[in-house]
Amino acid sequence: MCSSDLTYPSIIIVPVMSRRLFLFAAFLAVLALARAQSADALPFSSPRVRHEVIAVIGGQLAAFRAGKLDAAYGFAATELRTQVPEAQFMQIVRSNYPEIWSNRSADFGVVRDNGDRATVAVKIKTATGEARYDYILLREGKLWRIGSVLRHQPKSDEPMRSE
């Protein structure tokens, strides 16, 4: 019997492929669920915290608009400022976050926090367009500071939710 005479019953191949497809789909579903749960893990912020968080982000954006780079750098969390010198921070923002660097205005989404960490999606507008960013702020004593900023790539039909 030559190798070309060998045939495999489709009943064996189909379940293997179906099982792999099922496992892959299940894996993707678990990832999506974990992401949704982590985003919703923080409770909605009180009006006071929402105001404080928005004031910090708005303050940094205003500092960039006014060219007050020292002030913009001052809104960053201590840990970030310890790791990244001011000149390097400015180069990172200018190169990787151009909408923040040249912002004109911003719209803020839902603010969530647990007392130590806050998150908010921000739509930043420039003269030529807009971009969305996810901000994470950290509480340092009585103040909120910007810990990280990540470009948010929503689906084109995903609306900006606000309170």
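Residues numbered from 1 in each chain as written. Predicted model: local features only at pLDDT ≥ 70, side-chain atom pairs only at ≥ 80, totals over all residues. Heavy atoms only, no water.

> Describe in detail the pattern of salt bridges, supporting the description with residues and values.
Counted by the stated rule, this structure contains 5 salt bridges. For Glu52, the salt bridge is made with Arg139, and the minimal N-O distance between the two is 3.6 Å. A residue pair is termed long-range when its members are at least 10 positions apart, and Glu52 in helix 2 (residues 47-66) and Arg139 in strand 4 (residues 130-140) qualify at 87 residues. Measuring nitrogen to oxygen at the nearest pair gives 3.8 Å for the salt bridge that ties Glu140 to Arg145. The network of salt bridges with common partners includes Arg48, Glu52 and Arg139. (Salt bridge = Lys/Arg side-chain N within 4 Å of Asp/Glu carboxyl O. Helix = DSSP H or I, 4+ residues; strand = E, 2+ residues; numbered from the N terminus.)

> Tell me about the pairing of strand 4, and please be specific about residues and values.
Pairing analysis gives 9 bridges linking strand 3 (residues 117-125) to strand 4, with the strands arranged antiparallel. Bridged to Val122 within strand 4 is Tyr133. Here strand 3 folds back onto strand 4 in antiparallel fashion, the turn holding 4 residues. Inspection of the sheet shows strand 4 paired to strand 5 (residues 143-152) by 9 bridges, in the antiparallel sense. In the sheet register, Leu138 faces strand 5, and the bridge partner there is Arg145. (Pairing = 2+ DSSP bridges.)

> Any chance you could break down the environment of Gln60 for me, citing the residues and the numbers?
By the secondary structure assignment, Gln60 is in helix 2. The spacing of Gln60 and Asp70 is 10 residues in sequence and 10.0 Å in space, taken between C-alpha atoms. For Gln60, the contacting residues outside a window of four places in its chain are Ala72, Phe75, Ala76, Phe89, Tyr135 and Ile146. At a separation of 2.9 Å, a polar atom in the side chain of Gln60 contacts the main-chain carbonyl oxygen of Ala72. (Contact = heavy atoms within 4.5 Å. Polar contact = N/O pair within 3.5 Å; in protein donor to acceptor, adjacent residues only side chain to side chain.)

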